[in-house]
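Below are the chains, spelled out letter by letter.
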Amino acid sequence: MAENLYIRKVAVLGAGVMGAQIAAHMVNANVETLLFELPAKEGDPTLSPSSLPRMGERDAVSLREPSLNGNVSKAIDGLKKLDPAPIASPAKLTCIQPANYEQHLELLRGCDLVIEAIAERMDWKSDLYKKVAPYLGEHSIFASNTSGLSINKLAEAFPENLRHRFCGIHFFNPPRYMHLVELIACTGTDATLLDRLEEFLVSTLGKGVVRAKDTPNFVANRIGVFSMLATKHHAAAFNLGFDTVDVLTGRYLGRPKSATFRTLDVVGLDVFAHVVNTMRENLTEDPWHKHFELPGWYGYLVDQGALGQKTRRGIYQKIGKDIHVLDLHTKAYRLSDTSIDDGVKEILRERNWAKKLAGLRSNPHPQAQFLWATFRDVFHYCALQLEYIAGNARDLDLAVRWGFGWDSGPFEIWQAAGWQQVTGWISADIAADKAMASAPLPVWAMDAARTGVHTPQGSYAPGSNQYQPRSILPVYRRQIFPDRLLGEPVHYGETIFENDSVRMWHTGDDIAILSFKTKMHAISNEVLDGILRAVDEAEEKFRALIIWQTEAPFSAGAHLLQLMQGVQESSEAPAAGLFDKLKGAAQRVKYTVAGGGGLGEVLNAATGNVPRVEDVVAKFQQVSQRLKYAQVPTIAAVYGLALGGGCEFSIHCTRIVASLETYIGLIEVGVGVLPAGGGCKEMAQRAAAEARGGDIFPHLKRYFQQIAMGEVAKSAELAREMGYLKSSDRIVLNQHELLHVAKEEAKALTATAYRPPLHQRQIAVAGRTGIATLKAAMVNMLEGGFISAHDYDIGCRIAETMCGGDVEAGSLVDEQWLLDLERHHFMQLLATDKTKARVEYMLKNGKPLRN
């Protein structure tokens with residue numbers, strides 16, 4: 001029988017924190033999944049054989065006894081409480097099939113992949129392997145999710161005739177969100193099996209795969225943990241507090257906001273100690289072995305049970321609304337201080353890595369010297385260990401980026417700062433006995449001709465002394481533009497037209513692509529003009545139009561500052577100097593999560609010819625309608641934020657192709673207005689369609705609530721449940737495949753002689769009755785103090801718009817009627833002082849005001 005090349009059913013052994021979350025992500029990807037755990041001591045009356053759906057006769061073996069799946073049931077229930085949510089939709093939790101080792105081992109025969117995810121004990125894992133091996137299917141893959149134990153040693157506990165199907169598969173926590181999975185072969189692992197598994201991980205689960213060598217802690221943890229240990233070592237040497245270190249080693253360096261010691265609290269001090277112990281016990285010849293000792297304060301916290309976030313106390317502790325940090329001198333918690341030296345801060349704001357590292361090295365301040373020493377040791381360590389832990393420099397850099405959330409990998413930073421310059425600095429510090437003198441840089445790193453490790457031809461591999469190109473596995477053909485490294489060229493096709501706001505282009509075929517160039521891909525008047533032109537060009541010369549951004553987000557919404565400057569210029573008595581103040585404030589605020597607009601570079605349009613606001617709103621509506629009724633398919637390829645106007649454009653396109661990690665919603669209420677780019681109209685129209693001639697109100701009510709509350713879907717699956725995605729829209733787990741799938745969708749639509757939908761001229765609305773019912777509910781919320789008077793006013797205007805205005809229930813209106821209501825109420829709200837205050841506050845602070 002030919003070997004099955006597809007992975008359709010998976011079993012996860014171990015329902016702990018990682019095992020349960022891996023199972024959750026399997027069902028996120030619609031993979032049938034069994035979750036095994038030790039049997040409960042007593043039968044669980046809430047579970048029975050019927051709790052294992054879709055099982056055939058063979059699967060039902062041993063299910064006549066009372067179920068003992070209570071432990072798994074608790075683990076699955078625990079997934080509901082985790083934040084961020086490991087499951088894309090709570091409804092999917094019921095798709096995880098609970099099982100235990102006493103009753104259900106026969107079910108393993110039907111699994112194509114079995115993942116072991118129990119505690120990091122070699123003896124426990126060995127015992128489990130012996131227990132389950134006789135039940136494995138003829139072609140099933142067996143993989144351990146160990147975070148650092150030797151795969152070859154684990155394989156010794158596996159029957160010799162099955163070792164070719166054994167490997168390591170290391171997910172990072174939390175599995176839904178962390179892009180990295182490390183694949184580790186044992187000596188006898190079948191190469192074809194690893195390729196098969198990699199394709200499954202990349203396309204089905206949406207992961208970035210790195211092939212690691214079988215060394216302690218593999219690649220990402222080996223380098224990431226070393227970086228944290230070096231940080232800990234030099235922080236002590238320069239007498240820096242935990243809070244100061246976290247300010248220095250977070251976003252200023254392109255790393256997560258949790259930085260170093262906050263990350264330890266999130267991971268768990270006990271978990272991190274285990275990882276460090278693995279390095280200390282198995283890397284006795286490592287030149288930095290002395291760094292692998294945990295300090296006394298670490299044991300002090302662990303002994304007290306202060307393990308971090310899970311125990312609500314660790315290096316940090318939240319007291320009320322304030323964050324406190326452990327003071328090493330007093331062993332007591334004090335208020336956290338986020339200030340750093342002004343001179344060091346200026347250096348860290350430098351975007352050029354050559355200037356940044358040069359500034360840190362030359363500045364005598366302890367904070368600067370601490371950072372340089374940490375960088376130096378990490379570069380040094382990566383160069384020494386590369387040959388032994390990874391196939392090439394690309395794998396190391398991607399592992400650290402994907403597994404630890406760095407914007408740039410260690411070698412990328414070294415190369416960007418000037419390879420020869422940094423090499424000279426490291427060598428000088430070694431000679432001066434400031435660095436690890438017993439371990440000089442390897443010969444390849446000191447090659448006088450070397451300018452870096454990443455080139456257009458590939459990334460350097462010390463083992464072969466060659467530059468290795470990217471993988472040629474067929475799955476990577478789906479990534480038209482993969483995650484790029486410094487030194488790798490990228491060419492985004494041929495330009496059709498381009499200006500400061502948008503670029504329309506193609507990749508040599510007859511499908512056009514439109515990308516925004518504004519900050520956060522905010523929608524300005526110029527973007528609106530660009531979309532209208534792109535639709536015209538696509539209808540004339542191309543088969544389809546895809547809106548896809550070269551980087552996240554899809555769009556954070558309308559260009560607030562330009563909009564409000566239009567309000568100022570059209571006002572009879574504008575507040576003197578208001579927008580000069582707003583521009584200055586906006587320049588100081590880094591806008592991250594939207595309240596309906598993006599800032600930053602949007603200031604470039606804040607002067608000059610500002611169109612009348614109502615004209616812009618009308619154009620916004622025109623764009624949405626053009627996307628909906630274009631003569632060619634329009635496809636929104638969405639990843640990350642799609643808020644406000646970004647959501648409105650998406651829902652008007654012929655199709656949405658969304659990454660699982662798409663966060664979409666109509667959030668205009670946060671700045672005191674309502675969706676006026678067709679959002680209210682479109683959701684009212686969908687409610688009428690869903691009613692199928694029956695009562696509209698129940699369908700309309702949920703859409704009203706979502707808009708009035710500014711709710712954002714926290715996954716593409718939830719966006720479908722909320723009605724922003726239709727059943728015909730596609731969800732893709734790997735964001736790097738988004739453009740490929742969007743193109744395939746365009747081809748499928750045009751293969752059947754695509755015609756746009758007909759204009760809806762008879763849309764049933766809820767009318768006065770619906771408005772009255774919604775207002776009554778809001779009155780109760782107002783009187784209960786849950787909403788403000790201005791919230792009530794906004795809600796009433798949303799209700800009047802979505803219910804079709806002052807007409808009888810069941811009246812038939814057309815789209816333009818609803819669009820006119822949108823525009824009218826938007827302008828009415830924009831004229832109020834409280835809405836202006838909300839917009840001003842958002843521009844200054846990057847978060848909504850409730851007034």
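One structure accompanies this document, and this report is about it. (Residues numbered from 1 in each chain as written. Predicted model: local features only at pLDDT ≥ 70, side-chain atom pairs only at ≥ 80, totals over all residues. Heavy atoms only, no water.)

Brief notes about the sheet that holds strand β10 (residues 322–327)
- Taken in spatial order, the 3 strands line up as β9-β10-β11 in an open sheet, and their pairing is antiparallel. Because the sheet does not close on itself, it has two edges, and the strands there are β9 (316–319) and β11 (332–335). Pairwise comparison of adjacent strand axes, ignoring direction, gives a mean angle of 40° for this sheet.
- Note that β10 and β11 share 4 bridges and pair antiparallel. Paired with L326 across the strands is Y333, a residue of β11. (Pairing = 2+ DSSP bridges. Helix = DSSP H or I, 4+ residues; strand = E, 2+ residues; numbered from the N terminus. Axes fitted to C-alpha atoms, helices over the stretch in contact; angles between N-to-C directions.)

Comments concerning helix α22 (residues 679–691)
- Taking 1.5 Å as the rise per residue, α22 with 13 residues should run 18 Å; its terminal C-alpha atoms sit 19 Å apart, in good agreement.
- Among the 13 residues of α22, 11 are classified as buried, and the element is accordingly described as predominantly covered.
- Taken together, the buried positions of α22 are G679, C680, K681, E682, M683, A684, Q685, R686, A687, A688 and A691.
- Those residues of α22 that are buried are in contact with α20 (613–629), α21 (645–652), α23 (697–708), β22 (763–764), α27 (789–802) and α28 (815–830).
- Backbone geometry just downstream of α22 places R692 in the positive-phi region, at approximately 50°. (Expected span 1.5 Å × (residues − 1). Buried < 20%, exposed > 50% of the residue type's maximum accessible area, 1.4 Å probe, protein only. Contact = heavy atoms within 4.5 Å.)

Here we look at the sheet that holds strand β6 (residues 166–171)
- The sheet built from 8 strands is open, its strands ordered β3-β2-β1-β4-β5-β6-β7-β8 with mixed pairing. Strand pairing shows two members of the sheet lacking a second neighbour, β3 (96–100) and β8 (208–212), which therefore form its edges. Strand-to-strand twist of the sheet, defined as the mean angle between neighbouring strand axes without regard to direction, takes the value 25°.
- As defined by bridge partners, strand β1 (residues 9–13) adjoins strand β2 (residues 32–37) across 5 bridges and the pair is classed as parallel. Within β2, the position partnered with L13 by the bridge is F36.

With respect to the side chain of R797
- The topology assignment puts R797 in helix α27.
- Of the residues examined, R797 reaches a relative accessible area of 17% and is grouped as buried.
- Looking at R797, its side chain comes within polar contact range of the side chain of H825, at 3.0 Å.
- Excluding residues that lie within four positions of it along the chain, R797 makes contacts with L674, H825, Q828 and L829. (Polar contact = N/O pair within 3.5 Å; in protein donor to acceptor, adjacent residues only side chain to side chain.)

So, the pairing of β2
- Of all 6 residues in β2, 5 are buried, a share of seventy percent or more.
- Sheet topology note: the β2/β3 ladder contains 5 bridges and is parallel. Directly across from L34, in β3, lies its bridge partner Q97.

Points about the state of the cysteines
- The tally for this structure, following the rule as stated, stands at 0 disulfides.
- With no disulfide partner, C167 has as its closest neighbouring cysteine sulfur the one in C186, 7.9 Å distant.
- You can call C167 buried: its relative accessible area is 0%.
- Cysteine C647 is unpaired, with the sulfur of C680 as its nearest cysteine sulfur at 11 Å. (Disulfide = S-S within 2.5 Å.)

Focus on the pattern of salt bridges
- This model, assessed by the stated rule, comprises 52 salt bridges.
- Ionic pairing is found between E412 and R401, a salt bridge with its closest N-O pair at 3.0 Å. A residue pair is termed long-range when its members are at least 10 positions apart, and E412 in helix α15 (residues 410–416) and R401 in helix α14 (residues 393–404) qualify at 11 residues. R401 carries the same exposure label as E412, and that label is buried.
- Between R612 and D615 there is a salt bridge; the shortest N-O distance is 3.2 Å. (Salt bridge = Lys/Arg side-chain N within 4 Å of Asp/Glu carboxyl O.)

Topic: helix α10 (residues 296–303)
- Restricting attention to buried positions, one finds in α10 the residues W297, Y298 and L301. All buried residues of α10 fall inside an arc of 105° around its axis, so they share one side. Along α10, exposed side chains directed more than 90 degrees from the buried face belong to G296 and D303.
- One or two steps after α10, the chain reaches G305, where phi turns positive at roughly 80°. (Arc of directions from axis to C-beta.)

From the geometry alone we can't say anything about function, so treat these as descriptive.
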